[in-house]
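In case you want the letters, here they are:
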Amino acid sequence: MTTSEYNVRGMHCVGCSSAIKKLLEKNKHIQEVRVELYESKIFVTYDESNVDHDTIVTTVGRFGYQAAKA
Ligand SMILES: [Cu+2]
């Protein structure tokens, strides 16, 4: 497991942050998502042999949010 930090654009409220968290945590290889709403950051803990940077960015992007590795 490893944890990566991403800056997320377009995340404005608790609804956004919980949507992002739920969406990512549907992936069984993602163990935990911690959201810092006011810093526009997420911290994703995942199994790096099954999940990569692109998977995380694409998943978040599906709801119209733009994630970039911090
Ligand atoms: Cu929102």
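Residues numbered from 1 in each chain as written. Predicted model: local features only at pLDDT ≥ 70, side-chain atom pairs only at ≥ 80, totals over all residues. Heavy atoms only, no water.

(A) Examining the packing of helix α1 (residues 14-25) against helix α2 (residues 53-61) more closely. At a minimum axis separation of 9 Å, α1 and α2 run at an interaxial angle of 130°. Between α1 and α2, the crossing angle belongs to the class labelled oblique. The interaxial crossing formed by α1 with α2 has right-handed handedness. Facing Ile20, Leu23 and Leu24 of α1, the residues of α2 in contact are Ile56, Thr59 and Val60. Of the residues contributing to the contact of α1 with α2, the split by class is five nonpolar, one polar and no charged. (Axes fitted to C-alpha atoms, helices over the stretch in contact; angles between N-to-C directions. Helix = DSSP H or I, 4+ residues; strand = E, 2+ residues; numbered from the N terminus. Parallel < 35°, antiparallel > 145°, perpendicular 65-115°, else oblique. Left-handed = near helix turned anticlockwise from the far one by under 90°. Contact = heavy atoms within 4.5 Å. Nonpolar A, V, L, I, M, F, W, Y, C, P; charged D, E, K, R; others polar.)

(B) Expanded view of the nonpolar core. Leu24, Ile42 and Val44 are the most contacted members of the largest nonpolar core, which totals 17 residues. Elements with a minimum of two residues in this core: β1 (2-9), α1, β2 (30-36), β3 (41-46) and α2. Residue contacts for Ile42: discarding those within four places in its chain leaves Ser4, Glu5, Tyr6, Val8, Met11, Ile20, Leu24, Val33, Arg34, Val35 and Val60. (Core = buried A, V, L, I, M, F, W, Y, C linked by side-chain atoms within 4.5 Å. Buried < 20%, exposed > 50% of the residue type's maximum accessible area, 1.4 Å probe, protein only.)

(C) Fine view of the pairing of β1. For β1 and β3, the ladder comprises six bridges, and the chain directions are antiparallel. Directly across from Asn7, in β3, lies its bridge partner Lys41. Here β1 pairs with strand β4 (residues 66-69) via four bridges, running antiparallel. Counted as the bridge partner of Asn7 is Ala68 from β4. (Pairing = 2+ DSSP bridges.)

(D) Region of interest: α1. The terminal C-alpha atoms of α1, which comprises twelve residues, lie 16 Å apart, in line with the 16 Å expected from a rise of 1.5 Å per residue. Of the residues making up α1, those classed as buried are Cys16, Ser17, Ala19, Ile20, Leu23 and Leu24. Down the axis of α1, the sector holding all buried residues measures 160°, keeping them to one side. Opposite its buried face, α1 presents the exposed residues Val14 and Lys22, each directed more than 90 degrees away. On its buried face, α1 is in contact with β1, β2, β3 and α2. (Expected span 1.5 Å × (residues − 1). Arc of directions from axis to C-beta.)

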